[in-house]
Amino acid sequence: MGTTTYREAVRTALTEALVKDPRVFLMGEDVGKYGGSYAVSKGLLAEFGPERIRDTPLSESTFVGAGIGAALGGMRPIVEVMTVNFSLLALDQIVNNAATIRHMSGGQFSIPLVIRMATGAGRQLAAQHAHSLEGWYAHIPGIRIVAPATLEDARGMLWTALEDPDPVLIFEHQTLYNMEGPLADEAGAVDIDHAAIRRPGKDLSLITYGGTLGKTLQAAETLASEGIDAEVIDLRTLRPLDMATILDSVKKTHRAVIVDEGWKSGSLSAEIVARLVEHAFYELDAPLARVCSAEVPIPYPKHLEDAALPQPPAIVAAAREVVGRRG
Amino acid sequence: MTEAAANVQPIASTETAVPKPDTPGRLEISREHGLRLLHEMLRIRRFEEKCAELYSAGKIRGFLHLYIGEEAVAVGAMQALGREDAVVATYREHGHALARGVAVDRLMAEMYGKHQGCSRGRGGSMHVFDAQARFYGGNAIVGGGLPIAVGLALADKMQQRPRVTACFFGDGAVAEGEFHESLNLASLWKLPVLFLCENNLYAMGTRLERAQSQTDLAAKARSYLMPAEPVDGMDVLAVEAATKRAADAVRRGEGPAFLEFRTYRFRAHSMFDAELYRDKSEVEIWKQRDPITTFTSQLKERGMATDGILYALNMSVADEIDVAVQFAEAGTWEPVDDLLKDVYTPAEGRPSGSYGAA
């Protein structure tokens, strides 16, 4: 078992896909000569050439739409959008075309397209490079949303996404790229259907994904030292939600806190709360709680950015509240 | 005529914007081909006239955008395409669908929203899809089809298939960012896209010179270093000839091409449009260049059509449309239980979980 980073894990997954399937190609802004704005695709241009590693002009709507067209034409495109904020320029193609064409055409066309993008805050990139809009995309029927939070998932979700006949959006939290750790040499494709229990526990369920998984696990350790045994669920797939895993956990713990870097209003965390109320109301021993980003555009200075984001102390405090213990 | 309009070249005013008729006999055609072109235009005209009637009768709902007046563009342009080529069209696409070979009965059923429709009734008038005809919609976002066409062409190029993707859009789309992004990318990557702009002078109700700083649309395309020319879109033979020339070059791998078809919509933008933005006299002037009547006269002058032949042609088209309406009427509604079907590809279409094995 070697040591790797999240960035290298994604690159290994890209390399594997390009080797395995001649229909696969990568396109996006600066994925080639520059090596990717987060250096994920560094070296791929030299290895696979400009036909399969395509630098695009800065035209998100068109290169994402071209991904849709290429998928319709029998290719398996991987489109990299530099960051989730830029993907708003491609929203027309994602929401009006990628998500609709299968249903609107009466099932005649599938769109096996993978779109990868960086998401989230934590690197002082301010309000146009740091939002967490994946929950927003999870609102849209017709696309699948995944958020790899571990090295195994960074390594393994891409191939499964490529095998999916429908559009899959992969959100890579920008603070994870440098995350380092052991990864089995034989690590490969993983399922993208199920949430994962990253830490079993019996006192409450902490439900999270992506960039806040690490913070949530940290909070769970603090809680453990106080005698609170938290179960940590990594959603992994934000659409469709694996409600079975969430409900099983909450039926066991009877308490839940949702940790999400998105804003609270009209959000994924709100959706999970609503579904728990709908499906597990009588299982609950305490009100549900959420730890989310402050409802502001993410600011640049470190102290304000930190204050805007979910942090372990806030998660710990929310958990204590839910289990009825004040710190 | 406004002062601004007077400065516009070459579409300077209503009068000069009306294309001059071609000299009959300039383009050689066989009798059979001429009659086929007329037949195809007539099918579109009668189909849409019937649609307007059915709309008033409440059989067709939602938005209905008629192509009447522009038939020469779809019919002429499709002559340049083969079965392997692809078509991307707009929400005013009944004409393109029919000219491309989408079955008229399934198209009519789609207008009704019936399960037997070419999109299973899911899309309606604005979202005609047909995998067999390689007809990729029916896109109701102005400009939204251009990137898809670029991608279809990219797939062809990467798989070394000598195909062309024909992408229809209107003058309105030329103001969209996706137009410029798509022409740029297609030219940069030398992709086999035929950009076919139907300039009917109005983006819904906004006239060209009220929306475009540069009204010479071909000039915009040329700035992306692709061949581009304006074509008389009221003349089916001119459309056919220009599209064939452009398609041949595209198919030879010379990169994308752009054609601006100068045409005119005789009817309102949709069934809800009171047409406050144009004078009736302007419409009447353009109707003098009706592509069907002018081409009919041409065929007669060429001795290729007689009143008898034309009568028979009209009758057969009317019969065909009647049969299509009967087909649509007899069609069934998709079961409500299937509402969620095909939001995602059903399980049987998915690979059987080969992940995890690696």
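For the structure, check the block above.
Residues numbered from 1 in each chain as written. Chains lettered and ligands numbered in written order. Predicted model: local features only at pLDDT ≥ 70, side-chain atom pairs only at ≥ 80, totals over all residues. Heavy atoms only, no water.

Asker: Describe the interface of chain A and chain B, and please don't skip the residues or the numbers.
Answerer: One frequently used descriptor of interface size is the decrease in accessible area upon assembly of the parts. Counting residues at the interface gives 52 residues for chain A, matched by 45 residues for chain B. Of the roughly 3900 Å² buried between chain A and chain B on both sides combined, carbon and sulfur atoms contribute 59%. Contact with chain B buries area across many residues of chain A, yet T62, H103 and M104 of chain A alone supply 16% of it, more than any other trio. A salt bridge links R102 of chain A to D342 of chain B; the shortest N-O distance between them is 2.5 Å. Along the contact surface separating chain A from chain B lie 24 residue pairs in polar contact (both at pLDDT 80 or more). Counting residues per element, the ones that place at least two in the side of chain A that touches chain B are α1 (6–20), β2 (24–28), β3 (53–55), α3 (60–72), α5 (91–98), α6 (101–104) and α8 (151–163) of chain A. At nine residues, the largest contribution of residues to the side of chain A that touches chain B is made by α3 of chain A. (Contact = heavy atoms within 4.5 Å. Buried area = accessible area lost by both parts, 1.4 Å probe. Salt bridge = Lys/Arg side-chain N within 4 Å of Asp/Glu carboxyl O. Polar contact = N/O pair within 3.5 Å; in protein donor to acceptor, adjacent residues only side chain to side chain. Helix = DSSP H or I, 4+ residues; strand = E, 2+ residues; numbered from the N terminus.)

Asker: Describe the pattern of salt bridges, and please don't skip the residues or the numbers.
Answerer: For side chains of opposite charge, pairing can occur when their charged atoms come near one another. Counted according to the given criterion, the structure contains 46 salt bridges over all chains. Across the salt bridge formed by E282 of chain B and R207 of chain B, the nearest N and O atoms sit 3.1 Å from each other. With E282 of chain B in helix α12 (residues 280–287) and R207 of chain B in strand β7 (residues 206–207), this pair connects stretches of sequence that are 75 residues apart. With a relative accessible area of 7%, E282 of chain B lands in the buried category. In this structure, the salt-bridge partner of D232 of chain B is R289 of chain B, at a minimum N-O distance of 2.5 Å. In this pair, D232 of chain B sits in strand β8 (residues 228–232) while R289 of chain B sits in the loop between α12 and α13 (291–301), placing the two residues 57 residues apart along the sequence. Given a relative accessible area of 8%, R289 of chain B falls into the buried group. Linked through salt bridges whose partners overlap, the residues forming this network are D153, D191, R198, D234 and R236 of chain A. (Buried < 20%, exposed > 50% of the residue type's maximum accessible area, 1.4 Å probe, protein only.)

Asker: Could you give an account of the packing of α3 of chain A against α5 of chain A, with specific residues and numbers?
Answerer: Residue and element names in this part refer to chain A. Between α3 and α5, the shortest axis-to-axis distance is 8 Å and the interhelical angle comes to 30°. For the element pair α3 / α5, the angle class is roughly parallel. Two secondary-structure elements touch here, α3 through S61, V64, G65 and I68 and α5 through Q93, I94, N97 and A98. Looking at the contact of α3 with α5, its residues break down into four nonpolar, four polar and no charged. (Axes fitted to C-alpha atoms, helices over the stretch in contact; angles between N-to-C directions. Parallel < 35°, antiparallel > 145°, perpendicular 65-115°, else oblique. Nonpolar A, V, L, I, M, F, W, Y, C, P; charged D, E, K, R; others polar.)

Asker: Just give me the short version of a nonpolar patch on the surface, but keep the residues and values in it.
Answerer: Residues V277, F281 and Y282 of chain A make up a contiguous nonpolar surface patch of about 390 Å² in total accessible area. Note on placement: F281 of chain A falls in the loop between α11 (268–280) and β14 (289–293). (Patch = residues over 30% accessible without salt bridge, like charges linked within 9 Å, V, L, I, M, F, W, Y side chains within 5 Å. Areas by Shrake-Rupley, 256 points an atom, 1.4 Å probe, with all protein chains shown as cover.)

Asker: I'd like to hear about the environment of L237 of chain B, residue by residue, with values.
Answerer: Residue and element names in this part refer to chain B. Relative to the helices and strands, L237 is located in helix α11 (residues 236–251). Given a relative accessible area of 4%, L237 falls into the buried group. The residues touching L237, leaving out its near neighbours within four places in the chain, are L27, I29, L37, F295, Q298 and R302.

Asker: Please provide a residue-by-residue account of the packing of aromatic side chains, values included.
Answerer: Aromatic ring pairs: the centre-centre distance and the angle between the two ring planes describe each pair. Taken as a whole and judged by the stated rule, the model has 15 aromatic pairs over all chains. Their ring planes at 75° and their centres at 5.7 Å tell us that Y6 of chain A and Y177 of chain A sit as a pair that is edge-to-face. Placement of the pair is Y6 of chain A in helix α1 and Y177 of chain A in the loop between β7 (168–173) and β8 (180–183), with a sequence separation of 171 residues. Judged on exposure class, the residue Y6 of chain A and its partner Y177 of chain A are both buried. Seen in terms of ring centroids, F109 of chain A and Y136 of chain B are 4.9 Å apart; in terms of plane orientation they differ by 40°. Their pairing is tilted. With F109 of chain A in the loop between α6 and β5 (114–119) and Y136 of chain B in strand β3 (residues 135–139), this pair bridges two chains. With respect to burial, F109 of chain A and Y136 of chain B carry one shared label: buried. (Phe/Tyr/Trp six-rings, centres within 6.5 Å; stacked < 30°, edge-to-face > 60°.)

Coordinates in, geometry out; function isn't part of it.
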